[in-house]
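Structural characterization, general
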Amino acid sequence: MLNPKLPEPDLLKAVLQPLLEDFKYWFERSRQLLEREEITFLSSSEQFDLLNRVKQAQQEVNTAQALFQATGGQVGVETTVLMPWHQLLTECWQVAMRFRKEQSR
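These figures come from a predicted structure and were not determined experimentally. (Residues numbered from 1 in each chain as written. Predicted model: local features only at pLDDT ≥ 70, side-chain atom pairs only at ≥ 80, totals over all residues. Heavy atoms only, no water.)

What follows is about helix 1 (residues 8–36). Taking 1.5 Å of rise per residue, 29 residues should cover 42 Å, and helix 1 covers 41 Å from first to last C-alpha, within 8% of that figure. Of all the bends in helix 1, the greatest reaches close to 25° and is centred on alanine 14; the proline proline 18 follows between one and four positions later. By the burial criterion, the buried members of helix 1 are Leu12, Leu16, Leu20, Phe23, Phe27, Ser30, Leu33 and Leu34. Tucked inside the fold, the buried residues of helix 1 contact helix 2 (44–70) and helix 3 (79–103). (Helix = DSSP H or I, 4+ residues; strand = E, 2+ residues; numbered from the N terminus. Expected span 1.5 Å × (residues − 1). Bend = angle between axes of the 7 residues up to and from the residue. Buried < 20%, exposed > 50% of the residue type's maximum accessible area, 1.4 Å probe, protein only. Contact = heavy atoms within 4.5 Å.)

Structure, rendered in C-alpha cells:
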C-alpha cells in the first residue's frame, strides 16, 4: 500500500524509479533474445518488427528516465505511455516462454 503521507516527489521516486528500472531490464532481456535467437514460430518479419518495437520502447524508457533524473524526480510518466510498454513486455514474455518451452522439447 502506498503511503499517503509521502510528499509527491518522494512518492514518484518510490514508485516510478523502480518501475523504469524494471522496464529497462526486461526490454534489454527481450532485445537480447530477439537479436541472438531465431524464433521459429515467428516469421523473420514478425521477429524484426518485435525487435524494432522493443528498441523504440527502450529509447522511450531511457528518455523518461533521463527527464525524471534531470528534474530530481519532479516529473512523472502518463499511464497512456506506461500501458503500451507493459503490453509490449507482456508480448515479449509470451514469446520468451513459448521459445523456452519449444527449446526444452
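Picking up where we left off.
With that settled, the discussion passes to the packing of helix 2 against helix 3. Their axes nearest at 11 Å, the elements helix 2 and helix 3 cross at an angle of 140°. What the angle tells us is that helix 2 and helix 3 run oblique. The handedness of the crossing between helix 2 and helix 3 is left-handed. The segment helix 2 lies against helix 3, with Leu50, Arg53, Val54, Ala57, Glu60, Val61 and Ala64 engaging Trp85, Leu88, Glu91, Cys92 and Val95. (Axes fitted to C-alpha atoms, helices over the stretch in contact; angles between N-to-C directions. Parallel < 35°, antiparallel > 145°, perpendicular 65-115°, else oblique. Left-handed = near helix turned anticlockwise from the far one by under 90°.)

One water molecule sets the probe size; rolling that probe over the atoms shows where empty space is left. The computed volume of the largest pocket comes to approximately 180 Å³. Counting residues per element, the ones that place at least two in the lining of the largest pocket are helix 1 and helix 3. It is helix 1 that provides the largest number of residues to the lining of the largest pocket, a total of 6 residues. (1 Å grid on protein atoms, 1.4 Å probe; cavity = no way out; pocket = protein on both sides within 12 Å on 5 of 7 lines; lining within 4 Å. Points joined across faces, edges and corners; volume = space filled by probe spheres on them.)

Tracing the backbone shows serine 30 in helix 1. In this structure the side chain of serine 30 is engaged in a polar contact, spanning 2.9 Å, whose partner is the backbone oxygen of tryptophan 26. Contacts of serine 30, omitting those with residues within four sequence positions, involve Val54, Leu89 and Cys92. (Polar contact = N/O pair within 3.5 Å; in protein donor to acceptor, adjacent residues only side chain to side chain.)

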